Amino acid sequence: MAGTPGCPIFLLLLWAVGQVSPSSAHWKPTWPAYRLPVVLPQSTFNLAKPDFGAEAKLEVSSACGPQCHKGTPLPTYEEAKQYLSYETLYANGSRTETQVGIYVLRSSERQSSGKSRTKRQIYGYDSRFSIFGKDFLLNYPFSTSVKLSTGCTGTLVAEKHVLTAAHCIHDGKTYVKGTQKLRVGFLKPKFKDGGRGANDSHSALPEKMKFQWIRVKRTHVPKGWIKGNANDIGMDYDYALLELKKPHKRKFMKIGVSPPAKQLPGGRIHFSGYDNDRPGNLVYRFCDVQDETYDLLYQQCDAQPGASGSGVYVRMWKRQQQKWERKIIGIFSGHQWVDVNGSPQDFNVAVRITPLKYAQICYWIKGNYLDCREG
């Protein structure tokens, strides 16, 4: 592992992929093997307590479309360190900033990201599915979707950790109202007539679902979001990790590095969220990826505010374990209007988990880079 502090252009790694050829008669969409960087804390210092004054916005905008972002210069090593440095907010209202060092193995090329406005996130016929019944809602993968008390969605990614969008807790300048007492809601059956403890077995039939809430112990938000304020590169860093005060005791979904869209099964992604226009319902959708940059996936999955922060996942073959496995490869951010060859086109946008973001989020979860060498 070699440091690169003198590099004029930051090295973002090769897509070092060892895969079965798609032309093979027995080809399966297989999780690539990436050579991952290491993102390590170097120094941490205290910051003043925030005022928690921002209004929660369930959508985010950006002024730079795919072609615009593909034309931006590569970040320098120092810029990348700045973007991946992060703020941590604790339940008592205190916060810190942690500066990081980045160590990489190989160099790579990079593309970049997106532009936007808001509203209208349904494309023609509404293709979303509301998920009903405990047999679905309480089973994997739907059971990994949780609701934030600020109105967004999150996804369980470890025993005590939830991945979501940064704008769900921070508007780029300060933390949103309610973040100091942030809670995460888990759907569970609401029982009639005494519930599980009743002697009559018929009394335990679920009437409907309700949320059980767990408080958040601390949150991590990358400085690329805070400094970018959702402009240009800011949207590339629209992700945050929440640590719960106690384990949730549910099966979670692992994170993974986002493969190129052409390597996704059918070029398609999936995610579930708590869309505002269907209160109390978990809403599932899938669709094809329309365009991509190094940091963003552009698609036209039907969605509404409230779905922001949903984990975007795919199911691919895990060669080492010889099994199929779902992994989260992105975080649904929101809606964008994009100028495509002089005419406006709208997309829903997800932030991709790149090798660097994987290394950072994995370290936040595990606290040990040696456990973050496989994406």
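Not measured: the values here are computed from a predicted model.

A.B. asks: I'd love a proper account of the packing of aromatic side chains, names of residues and values included.
C.D. replies: A full pass over the atoms with the stated rule returns 11 aromatic pairs. Relative to Tyr284, the ring of Phe142 lies with its centre 5.7 Å away and its plane at 80°, an arrangement referred to as edge-to-face. One end of the pair, Phe142, is in the loop between helix H3 (134–137) and strand E6 (145–148); the other, Tyr284, is in strand E13 (residues 282–292), with 142 residues separating them in the sequence. Taken as a pair, Phe142 and Tyr284 share a single burial class, namely buried. With 5.4 Å between their ring centres and 75° between their planes, Trp317 and Trp324 make a pair best called edge-to-face. The class of Trp317 is buried, set by a relative accessible area of 12%. Residue class for Trp324 comes out partly exposed when judged on its relative accessible area of 34%. Put simply, the rings of Tyr83, Tyr86, Tyr237, Tyr239 and Trp364 pair up and form one aromatic cluster. For the cation-ring pair, Lys251 lies above Tyr140, with the distance from its terminal atom to the ring centre recorded as 4.0 Å. The ring of Tyr237 carries Lys357 above its face, with NZ or CZ at 5.3 Å from the centroid.

A.B. asks: How would you sum up the state of the cysteines? Please name residues and give values.
C.D. replies: All chains considered together, the criterion is met by 3 disulfides. Covalently, Cys152 is tied to Cys168 through a disulfide, its sulfur atoms 2.2 Å apart. Sign of the S-S torsion, about -90° for the bond between Cys152 and Cys168, identifies this disulfide as left-handed. One end of the pair, Cys152, is in the loop between E6 and strand E7 (153–156); the other, Cys168, is in the loop between strand E8 (161–164) and strand E9 (183–191), and 16 residues separate them in sequence. A residue is classified by how much of its surface remains accessible, and Cys168, at 1% relative accessible area, is buried. Two residues share a disulfide in this structure: Cys287 and Cys301, whose sulfurs sit 2.0 Å from each other. Taking the torsion about the sulfur-sulfur bond, which here is approximately -100°, the covalent link between Cys287 and Cys301 counts as left-handed. Here Cys301 lies in the loop between strand E14 (296–299) and strand E15 (311–318) and Cys287 lies in strand E13, a separation of 14 residues in the sequence. The exposure class of Cys287 is buried, given its relative accessible area of 12%. Here Cys301 falls in the buried class, since its relative accessible area comes to 1%.

A.B. asks: Requested: an account of a positive patch on the surface, with residues and values cited.
C.D. replies: Together, Lys181, Arg183, Arg215 and Lys245 make up a positively charged patch on the protein surface. Within the secondary structure layout, Arg183 lies in strand E9.

Criteria and thresholds
- Residues numbered from 1 in each chain as written.
- Predicted model: local features only at pLDDT ≥ 70, side-chain atom pairs only at ≥ 80, totals over all residues.
- Heavy atoms only, no water.
- Phe/Tyr/Trp six-rings, centres within 6.5 Å; stacked < 30°, edge-to-face > 60°.
- Helix = DSSP H or I, 4+ residues; strand = E, 2+ residues; numbered from the N terminus.
- Buried < 20%, exposed > 50% of the residue type's maximum accessible area, 1.4 Å probe, protein only.
- Lys NZ or Arg CZ within 6 Å of the ring centre and 35° of its normal.
- Disulfide = S-S within 2.5 Å.
- Patch = residues over 30% accessible without salt bridge, like charges linked within 9 Å, V, L, I, M, F, W, Y side chains within 5 Å.
- Areas by Shrake-Rupley, 256 points an atom, 1.4 Å probe, with all protein chains shown as cover.
- Salt bridge = Lys/Arg side-chain N within 4 Å of Asp/Glu carboxyl O.
- Lys, Arg positive; Asp, Glu negative; His and termini not counted.
- Charge placed at Lys NZ, Arg CZ, Asp CG, Glu CD.

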